Each structure stands twice: as C-alpha cells, then as structure tokens.
There are 2 protein chains.
Amino acid sequence: MSGSQRVRVELASRSYDIVAGNGVLDDAAAWEGLGRGVQALVVSNTTVAPLYAQRVSDALKTRCSGVAVLELGDGESHKVWGSVEAIVDALLARGADRASMLVALGGGVVGDVTGFAAACYMRGIDYVQVPTTLLAQVDSSVGGKTAINHPLGKNMIGAFHQPLRVIADVDTLRTLPQRELVAGLAEVIKHGAIADDDFLAWIEANLALLLGRDAAALQHAVVRSCEIKAAVVADDEREAGQREVLNFGHTFGHAIEAGLGFGVWLHGEAVGCGMVLAARASAALGLIDGDRADRVTRLVANAGLPVRPPDMAVDRWIELMRHDKKSRGGSLRLVLLDAAGSARTRAVGEDRIRDLIGAALR
Amino acid sequence: MSGSQRVRVELASRSYDIVAGNGVLDDAAAWEGLGRGVQALVVSNTTVAPLYAQRVSDALKTRCSGVAVLELGDGESHKVWGSVEAIVDALLARGADRASMLVALGGGVVGDVTGFAAACYMRGIDYVQVPTTLLAQVDSSVGGKTAINHPLGKNMIGAFHQPLRVIADVDTLRTLPQRELVAGLAEVIKHGAIADDDFLAWIEANLALLLGRDAAALQHAVVRSCEIKAAVVADDEREAGQREVLNFGHTFGHAIEAGLGFGVWLHGEAVGCGMVLAARASAALGLIDGDRADRVTRLVANAGLPVRPPDMAVDRWIELMRHDKKSRGGSLRLVLLDAAGSARTRAVGEDRIRDLIGAALR
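Conventions adopted
Residues numbered from 1 in each chain as written. Chains lettered and ligands numbered in written order. Predicted model: local features only at pLDDT ≥ 70, side-chain atom pairs only at ≥ 80, totals over all residues. Heavy atoms only, no water. Helix = DSSP H or I, 4+ residues; strand = E, 2+ residues; numbered from the N terminus. Rg over C-alpha atoms; globule rule 2.2 N^0.38 Å. Buried < 20%, exposed > 50% of the residue type's maximum accessible area, 1.4 Å probe, protein only. Contact = heavy atoms within 4.5 Å. Areas by Shrake-Rupley, 256 points an atom, 1.4 Å probe, with all protein chains shown as cover. 1 Å grid on protein atoms, 1.4 Å probe; cavity = no way out; pocket = protein on both sides within 12 Å on 5 of 7 lines; lining within 4 Å. Points joined across faces, edges and corners; volume = space filled by probe spheres on them. Buried area = accessible area lost by both parts, 1.4 Å probe. Salt bridge = Lys/Arg side-chain N within 4 Å of Asp/Glu carboxyl O. Polar contact = N/O pair within 3.5 Å; in protein donor to acceptor, adjacent residues only side chain to side chain. Pairing = 2+ DSSP bridges. Axes fitted to C-alpha atoms, helices over the stretch in contact; angles between N-to-C directions. Least-squares fit on C-alpha atoms with pLDDT ≥ 70 in both. Right-handed = clockwise from strand over helix to strand, strands pointing away. Phe/Tyr/Trp six-rings, centres within 6.5 Å; stacked < 30°, edge-to-face > 60°. Lys NZ or Arg CZ within 6 Å of the ring centre and 35° of its normal. Patch = residues over 30% accessible without salt bridge, like charges linked within 9 Å, V, L, I, M, F, W, Y side chains within 5 Å. Lys, Arg positive; Asp, Glu negative; His and termini not counted. Charge placed at Lys NZ, Arg CZ, Asp CG, Glu CD. Parallel < 35°, antiparallel > 145°, perpendicular 65-115°, else oblique. Left-handed = near helix turned anticlockwise from the far one by under 90°. Nonpolar A, V, L, I, M, F, W, Y, C, P; charged D, E, K, R; others polar. pLDDT = per-residue confidence, 0-100.

**Considerations on the overall build of chain A**
Here is step 1 of the chain: Across its full length, chain A carries 13 helices and 11 strands.
Here is step 2 of the chain: What you see for chain A is a C-alpha radius of gyration of 20 Å, in line with the 21 Å of a compact globule of 362 residues.
Here is step 3 of the chain: Per-residue burial for chain A yields a buried fraction of 63% across its 362 residues.
Here is step 4 of the chain: For chain A, the share of sequence-separated contacts (at least 6 apart) that also reach a separation of at least 24 residues comes to 75%.
Here is step 5 of the chain: About 12,300 Å² of surface is accessible on chain A, with carbon and sulfur atoms providing 48% of the total.

Here you go:
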C-alpha cells in the first residue's frame, strides 16, 4: 500500500497518529506497535463486519494473543448503554484484562460506543479507531470524544478517552451509501468554514470529485480535516474553550436529531442544516456579511445536504437547544463564524434564535 | 466546629483536600470555594438522606444556584448502571449543565456510583464526596476511583475521576450500624498493614476505643488512613503500579463478594477475610514470618471481622479471582506483605493459591 499519510494528534503522553490512505485497513505498517501479545476485540456492526472484519482480524492475528469480533446492530439507535454492556460482556466472557485492546471498526456509532466502553472497562483500556464512514474518518474517530445518547440529548453520557491510533482507509468509502457519504461532507465543509478559507474553496472546486468518490480527493479531504481537527484538539483536549468551535452547526443539529428522533436525519444532515442556521445567525449578528452566509448555504445545498430545517415548533427548538452541552446558566451559546474565516462561541439571546428559526421555517 | 484536619491529595491540577472532623458536614469552612452559583444535586440513599441530606442541602443553598436531592436505594445491589441513569435523568430534568456539581452523601456505593455519573455526565462534571461510613471515609471516597459492578465482577465498569473535595464528618459515624463500622475497620487495618507499622500498633492498642466510637480515635484513624492512601495515590493516580498495594486483601475479597452475591458479605468483611488469606500467602511464600501473618489474623478477628472464608469450591475461587483487574495474561497476581512492613504485587501460581484456600477451608 502506497501513498498513505500520517497526521499527528499532539496530546503529550496521549499523542497518536491518524493513518489515512487506500488499503491501510490491514496494512502491517498502519498497525505497527499496536496490541502485541494482548487480547483484541473488534467491535463492528452487522453492515460493516461482513465487509471488513475478516481483514482486520487477520491483520490483528499476526500480533495479538487472541482476536474476536462482536457485531452490534447498525444505526444511531444502538448508541446506547446496552451496546456498551454487550462489549463489556464480551470482554469479561473472554477474561480480557486491563492490557486488552478494543478495535472500533465502523462509523461514528461504533466508534463512540466502543471508545466509551474502552474508557469504562476496568476504568480504561486501549482502543484503536478504524473508521469506515467519511463522517467518522474526518471527525468522530479523532479527538477522543466518546459517548452514548440519552432520550433527552445526544452524547449526554461519555468520556474523553484518546485512541492509540486512527486507521482511516479511504478505500472503505467505496461501499458507503451515497447518503452517508454526503452526510460526511458536512463535517468536511465545517472544517473549511471554521478554520481554513483555502480548504473551503478547495471543497467548492472539488465537490464533484468528492461526490464521485475520487480516491485522491477523498484522501485530501480526510487528511486536511484531520489536520484541522488535530490542531484544535491539541490546544484544548477537554473542550474547556477553543475546541467548542468544532461544534459549528451542532447546537441546531443536535436539536434536529433529538427533535425528530435520533437517526431520522443523519448526524451530518442535521449538522449541514445547522451550519446554514448558524451562518445566518452569524450574519444576523453582523459578524460576517450575507454573502459569506450564502456561500455556506450554497455549498451545503450543492453537497446534497438539507438547508431547510424540519418543521418543529419554535418552543420545541429552544427546549432542545437548552440541552446543548455548551449552554451555561440557562443562556444559549452558539458557535458563530467571523469575517476572519474563523469561529468562536458566543451567548445568543433566545429572542434572536426564535426569530432566526421562525424565518427559516417560513 | 473546631479540631478538623485537612489532608492534601497531590495530583497537580486535580489536587484536593480531605477535610475530616466532627460536624464538618455543613460547616462553611469545609465547603469554602465549592459550587458558587452552580446547580448542585445531592445523591444519597434512603437510609442516609433522612439523617443528613437536609443539613448538606442547607449548607449548599447558601452558595449554589439550585439544590436538589436524589435518593437511591440502599446497598450494593444499587451499584449498577440503573443508578447512574437515575442520576443522569435527574440532572437532565433540571437542565444541569457542565458547570453543575454532584455531591455524594453516603457510603461507598453512593460515592462510587455518583463519582462515575460525574465522570460520564457530559463527559465529566465536578463532584464532592461526603462519606458517611467509616469505609468510605478511610478508603472509597479518596483517590478518584469510581465504578459500578457487573454480575461477573465488582467495579468492572468505571473511571478515574477525582472529586473536588472530600468532607468526612466523623460525627456521622455515630449513626452507622456496628456491622458497618467494623467493616470499615478492615480498610483501616489494611493501611497499617501495607504501609505503617506504628499505625498498625496504634490500631491494636486503640481497637476498643475505635469499636466504642470514640470520636478522637475515629478521627485519627480516618486522617492517618487518608494520609497513607493520599501518598500512594499521588504517586500512581491510575494504578499503573504502586497503587495496587491498596488492593491488599481485595483479590480474595472480591472473589468472596462476587461468589456469594454482592452485599451478602459487606465489602470490608470480605477484605478482612481476604487480608488474612493474603497474609498467609505472604508467609507461605516466605515473605513474612508466621508471627506477622498471625498478627494480621488476630487483629482482623479482634475487630470482629470474619477470618474463615466462605465455603466455595476451590475451582470457583480461582474462576472468580481470574476476573480481578490486576490479573495479566491469565496469571493471578496478589498484593503480598513483606518483612519491611510494606507490600507489593506479585504473580502467584494457581496451585499455591489452591493449596492456601484448601487449607483455610479445612
């Protein structure tokens, strides 16, 4: 396998590499230094496991003392405690000790659940992320955020627990349903919008290649997204401040996901629409001009993501947004864009948010 | 309130004080600097809450923006995910944000469950330990180990999450059932056995005062235990090595608890008996002489703790001990005493453990 790239996430003793490229899934170089002589449990789902679990298992068998595969159900509805319990049960049934390793093979749900199980099992064991969706490769597998959902809010229960490595095989994106590929582009666009105007322009120029799954274009999108995210995470691992900018579009997005029921809109679809609303809020507050908000809206729309929010009562939007983890002392806080091409979190009055949602729903 | 003492747990940015004394529960000085302007949720149980929740709430109301109390059921059977969920539900129902604070008012179960909920809620919020049992005051409330149980093993799911402070009111020990006071003494004895021969001798000399709940004696036992534990934890927060010595007696003890069903024997009772077995193992391996093992046995017995293990088949003991978190690659590891009055973890052959248990059961 040639042409793979590495992105370093600098977190002192918890630093790790993201390896991105075609065919890295079972490449010996990608796995080098991991899991020697320990028990490994590959956690995947019923969709991804038949495609890739055997290759990952074979790669692990050359180095681990034992390898097993656990298949969770596919979809956001499985991002719950029951899935964590299933992982813990599988580990205990095999007598897995503190030196054991989990491998998350799948999308964001598998990665978040497996990472949380790794954070909790015997108070913390190692894990490796092997993301197989664009969304997971550019976002959820990087940065150590792990979580499960609660009926009242997404990712309400979780831990910061960094993986030992992220192995992102862009070749696996060939089997991804188009809807999921598009959803992943939302986070790619987000990284351009909050941190890198040149990258945003590159996405605009290469959107057709990305949608057509050009391998080189996808690899660049993954690597540049990971570089941007890695830099933010290195500065603020536990989201005490700056890391919140990665939540651009997510306060509205989480409200959409929770309001419609998790999984009705894909996370990326909700974030796409959320970015449109957050860009409009940024313009309404005079932080960016209307052209820039329109540019975000156009790119989201051209990617095939929804720009019109779902029809929920404004009171319901506000109620759902209050559950956002960024809210403080009752005031709503949004990540907003500014003219310099970056982003920051600001408290925004409820009335203003009501007006904005009202206008978007008209 | 006078005569309280402070023990510092040195953990860099996560350092905190243990405040121990009579009446510190609702003492303004004990709570100084905590929870100003945030929402607080006091988690207790149906036994402790009627006794002390009002006083703690009143103390918190002078500083927090809102205070609520949640009562869990009493006992080890409540050290499960359902209790964590109940805490999360209560927090979300009140719109508690990341600045919120949990207060664990009760024994080890309340402290471990509440600490784990604090570790997981929105990926980590603050919490304060207000231990009301001797066991929690001398051990479980200090050091940041939080966990829930699994049918296959105690504390299998958890996190390292340090409290902001530990407020140990020895006055609350007056309402403790005698059986629980005695169980707490097991951990006090443990601290003497693994780290401080003078303290061990002090316990022997003051056992009657401790069993009679002399306030000064109890305070000294709590403070000295916390000092010993704090020093160990400061050197090895995440139990990479030396912290394991705090598990003296616990490998056998956990097997007893799991084998009989959690809660049949109190944790301290199981640890008391486990220390006797571990001391005998230390003598059998020639690390200490028989007199020292007898001394531990005698002190455990005089405290009113069981020295004879429950009647479980030897195969069952081994199976249960294999689930211990210290085990590595299939070999059993025990914390053993040495002649210098300290302790360390060693791999011990299964045959030797079988012989030892067999002899103890005869």
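Picking up where we left off.
**Some points on empty space enclosed by the protein**
Residues and elements named next belong to chain B.
Here is step 1 of the chain: What the rule picks out here adds up to 7 cavities of 30 Å³ or more.
Here is step 2 of the chain: Around the largest cavity, the lining comprises 13 residues; the ones closest to its centre are Met156, His254, Leu320, His323 and Asp324.
Here is step 3 of the chain: Every element with two or more residues in the lining of the largest cavity is listed here: β8 (153-160), α9 (250-260) and α12 (314-322).
Here is step 4 of the chain: Element by element, the count of residues in the lining of the largest cavity is highest for α9, at 4 residues.

**Thoughts on the interface of chain A and chain B**
Here is step 1 of the chain: Counting residues at the interface gives 32 residues for chain A and 32 residues for chain B.
Here is step 2 of the chain: Across the chain A to chain B interface the summed buried area is about 3,000 Å²; carbon plus sulfur atoms make up 58%.
Here is step 3 of the chain: Here chain A and chain B share 2 salt bridges between them.
Here is step 4 of the chain: Taking the shortest distance from any N to any O, the salt bridge between A:Glu239 and B:Arg98 comes out at 2.9 Å.
Here is step 5 of the chain: In this assembly, chain A and chain B are joined by 10 residue pairs in polar contact (both at pLDDT 80 or more).

**Comments concerning the sheet that holds strand β1 (residues 5-9) of chain A**
Residue and element names in this part refer to chain A.
Here is step 1 of the chain: Ordered in space as β1-β2-β9-β6-β5-β3-β4, the 7 strands form an open sheet in which the pairing is mixed. Whereas interior strands pair on both sides, the edge strands pair on one side only; in this sheet they are β1 and β4 (66-72). The mean angle between the axes of side-by-side strands here comes to 20°, regardless of whether they run parallel or antiparallel.
Here is step 2 of the chain: In the sheet, strand β3 (residues 39-45) pairs with β4 via 7 bridges, with the strands oriented parallel. Note that in β4 the partner of Val43 across the bridge is Leu70.
Here is step 3 of the chain: Most of the contacts of helix α3 (residues 81-93) go to β4, to which it runs at about 155°, and overall it touches β3, β4 and β5 (101-106).

**Considerations on the relation of the copies chain A and chain B**
Here is step 1 of the chain: Each copy of the sequence occupies a distinct position, and chain A is placed on chain B by a rotation of 180° and an axial shift of 0.0 Å, giving an RMSD of 0.0 Å. What the rotation and shift describe, once combined, is the action of a two-fold rotation axis.
Here is step 2 of the chain: Taken as a fraction of all interface residues of chain A, those also at the interface in chain B reach 100%, which identifies the copy contact as same-surface.

**Some thoughts on the pairing of β4(A)**
Here is step 1 of the chain: Buried residues dominate β4(A), accounting for 5 of its 7 residues.
Here is step 2 of the chain: Crossover handedness for the path β3(A) to helix α2 (residues 49-61) of chain A to β4(A): right-handed.

**Quick word on the pattern of salt bridges**
Here is step 1 of the chain: Enumeration according to the criterion identifies 50 salt bridges over all chains in this entry.
Here is step 2 of the chain: In this structure, A:Asp17 engages A:Arg8 in a salt bridge whose closest nitrogen and oxygen atoms are separated by 3.1 Å.
Here is step 3 of the chain: With a shortest N-O distance of 2.8 Å, B:Glu187 and B:Lys190 are connected by a salt bridge. In this pair, B:Glu187 and B:Lys190 both sit in helix α6 (residues 178-195), 3 residues apart, roughly one turn of the helix.

**A short note on the sheet that holds strand β2 (residues 16-21) of chain B**
Residue and element names in this part refer to chain B.
Here is step 1 of the chain: As summarised here, the arrangement of the 7 strands in space is β1-β2-β9-β6-β5-β3-β4, forming an open sheet in which the pairing is mixed. The two strands at the open ends of the sheet, each matched to only one other strand, are β1 (5-9) and β4 (66-72). Across the sheet, the mean angle separating the axes of adjacent strands is 20° when strand polarity is ignored.
Here is step 2 of the chain: Relative to strand β6 (residues 126-131), strand β5 (residues 101-106) is paired through 6 bridges, and the arrangement is parallel.

**Brief notes about the packing of aromatic side chains**
Here is step 1 of the chain: Enumeration over the complete set of coordinates arrives at 5 aromatic pairs over all chains.
Here is step 2 of the chain: When the centroid spacing of 6.3 Å and the interplanar angle of 70° are considered together, the rings of A:Trp81 and A:Phe116 count as edge-to-face. Of this pair, A:Trp81 sits in helix α3 while A:Phe116 sits in helix α4 (residues 108-120), and the two are 35 residues apart along the sequence.
Here is step 3 of the chain: According to the relative accessible area criterion, A:Trp81 is buried, its value standing at 7%.
Here is step 4 of the chain: Among the residues examined, A:Phe116 registers a relative accessible area of 0% and is labelled buried.
Here is step 5 of the chain: Among the aromatic residues, those joined into a ring-pair cluster are A:Trp81, A:Phe116, B:Trp81 and B:Phe116.
Here is step 6 of the chain: For A:Arg123, the ring lying beneath its charged end belongs to B:Phe160, and the centroid distance is 5.9 Å.

**A word on a negative patch on the surface**
Here is step 1 of the chain: Residues A:Glu85, A:Asp89, B:Glu85 and B:Asp89 make up a contiguous surface patch of negative charge.
Here is step 2 of the chain: Every element with two or more residues in the negative patch is listed here: α3 of chain A together with α3 (81-93) of chain B.
Here is step 3 of the chain: Within the secondary structure, B:Glu85 sits in helix α3.

**Things to note about the packing of α3(B) against helix α4 (residues 108-120) of chain B**
Residue and element names in this part refer to chain B.
Here is step 1 of the chain: It is the contact of α3 with α4, at a shortest axis distance of 9 Å, that shows an interaxial angle of 55°. Taken as axis vectors, α3 and α4 run oblique relative to one another. Taken as a pair, α3 and α4 cross one another with a handedness that is right-handed. On α4, the residues touching Trp81, Ser83, Val84 and Ile87 of α3 are Val113, Thr114, Phe116 and Ala117.
Here is step 2 of the chain: A per-class count over the contact of α3 with α4 returns 6 nonpolar, 2 polar and no charged.

**Digging into the confidence of the model for chain A**
Here is step 1 of the chain: Looking at chain A, pLDDT values average 94 and 99% of them are 70 or higher.
Here is step 2 of the chain: Across the interfaces of the predicted complex, the ipTM metric reaches 0.90, alongside a pTM of 0.92.

**Quick look at the environment of A:Ser342**
All names here are of chain A.
Here is step 1 of the chain: The topology assignment puts Ser342 in the loop between β10 (333-337) and β11 (343-347).
Here is step 2 of the chain: A residue is classified by how much of its surface remains accessible, and Ser342, at 28% relative accessible area, is partly exposed.
Here is step 3 of the chain: Between the alpha carbons of Ser342 and Gly286 there is a distance of 14 Å; along the sequence they are 56 residues apart.

**Some points on α9(B)**
Residues and elements named next belong to chain B.
Here is step 1 of the chain: Counting buried positions over the 11 residues of α9 gives 9, a clear majority of the element.
Here is step 2 of the chain: Every buried residue of α9 is accounted for by His250, Thr251, Phe252, Gly253, His254, Ala255, Ile256, Glu257 and Ala258.
Here is step 3 of the chain: Positive phi shows up at Gly261, right after α9, with a value of about 100°.

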